[in-house]
Amino acid sequence: MTQLSQSELRRNKVSLRTELAATLPLVAGDRVQLQQVVLNLILNGIEAMSTLEDRARELVIMTERGMGDEVRVAVRDVGLGLDPQHAERMFEAFYTTKPGGLGVGLAISRSIVENHGGRLWAMPNDGPGATFQFTLLKCP
């Protein structure tokens, strides 16, 4: 998956760091759809940092065991962050804050995650940027 985004990472001078849990339970799901969710979050993170000049552009992909029977995947950028007024609206179909954006990527991603029994949300970082994360239930 990160191989698919390598050209975008290079073109936008973004470094990618992974913090992947050593052991996680298996999750059931459509591999292609879930890869599409992660790829969308990666590309959004890259785009969120495209105008940065004052700090290094870094994208972090993390996995960890969530609460109970969940696995959590998070994509954190150091971009401009989230406008609290748009935090939930950005998941609505055809709502966009990006010039030339279609407003479908996050809506589709949330739908995919929810159809897999999970949840997708965003939150501002303590420092610059935002973290988009989703959970999936482990296999029974």
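Residues numbered from 1 in each chain as written. Predicted model: local features only at pLDDT ≥ 70, side-chain atom pairs only at ≥ 80, totals over all residues. Heavy atoms only, no water.

Attention now goes to the sheet that holds strand 2 (residues 57-65). For sheets, the rule is that strands pair by backbone hydrogen bonds, running either parallel or antiparallel. Spatially, the 5 strands line up as an open sheet ordered 1-2-3-5-4, and their pairing is mixed. Edge positions in the sheet fall to strand 1 (14-19) and strand 4 (119-124), since each of these pairs with one other strand and no more. Sheet twist, expressed as the mean angle between neighbouring strand axes with direction ignored, is 15°. In this structure, strand 1 lies alongside strand 2, joined through 6 bridges in parallel fashion. (Pairing = 2+ DSSP bridges. Helix = DSSP H or I, 4+ residues; strand = E, 2+ residues; numbered from the N terminus. Axes fitted to C-alpha atoms, helices over the stretch in contact; angles between N-to-C directions.)

In total, this model carries 7 salt bridges according to the counting rule given. Put simply, glutamate 8 and arginine 11 hold a salt bridge, and the shortest N to O gap is 2.9 Å. One end of the pair is glutamate 8 and the other is arginine 11, both in helix 1 (residues 2-11) and 3 residues apart, which spans about a single turn. With relative accessibility at 26%, the residue glutamate 8 sits in the partly exposed group. Put simply, glutamate 19 and arginine 17 hold a salt bridge, and the shortest N to O gap is 2.2 Å. Residue glutamate 19 is classed as partly exposed on the basis of its relative accessible area, which comes to 33%. A relative accessible area of 32% places arginine 17 in the partly exposed class. Several salt bridges converge on common partners, so that one network encompasses Arg17, Glu19 and Glu58. (Salt bridge = Lys/Arg side-chain N within 4 Å of Asp/Glu carboxyl O. Buried < 20%, exposed > 50% of the residue type's maximum accessible area, 1.4 Å probe, protein only.)

The next thing to look at is the pairing of strand 2. Handedness of the strand 1-helix 2 (residues 31-48)-strand 2 crossover: left-handed. When strand 2 meets strand 3 (residues 70-76), the two strands line up antiparallel, connected through 6 bridges. Considered in strand 3, the bridge of arginine 65 is made with valine 71. Hairpin connection between strand 2 and strand 3: a loop of 4 residues separates the two successive antiparallel strands, and glycine 68 in this loop has a positive phi of roughly 60°. (Right-handed = clockwise from strand over helix to strand, strands pointing away.)

Turning our eyes to something else, we now look at the side chain of asparagine 40. Mapped onto the elements, asparagine 40 comes out in helix 2. Among the polar contacts made by the side chain of asparagine 40, one reaches the main-chain carbonyl oxygen of glycine 105 at a distance of 3.3 Å. Apart from residues lying up to four places away in sequence, asparagine 40 is in contact with Gly105, Leu106 and Ser109. (Polar contact = N/O pair within 3.5 Å; in protein donor to acceptor, adjacent residues only side chain to side chain. Contact = heavy atoms within 4.5 Å.)

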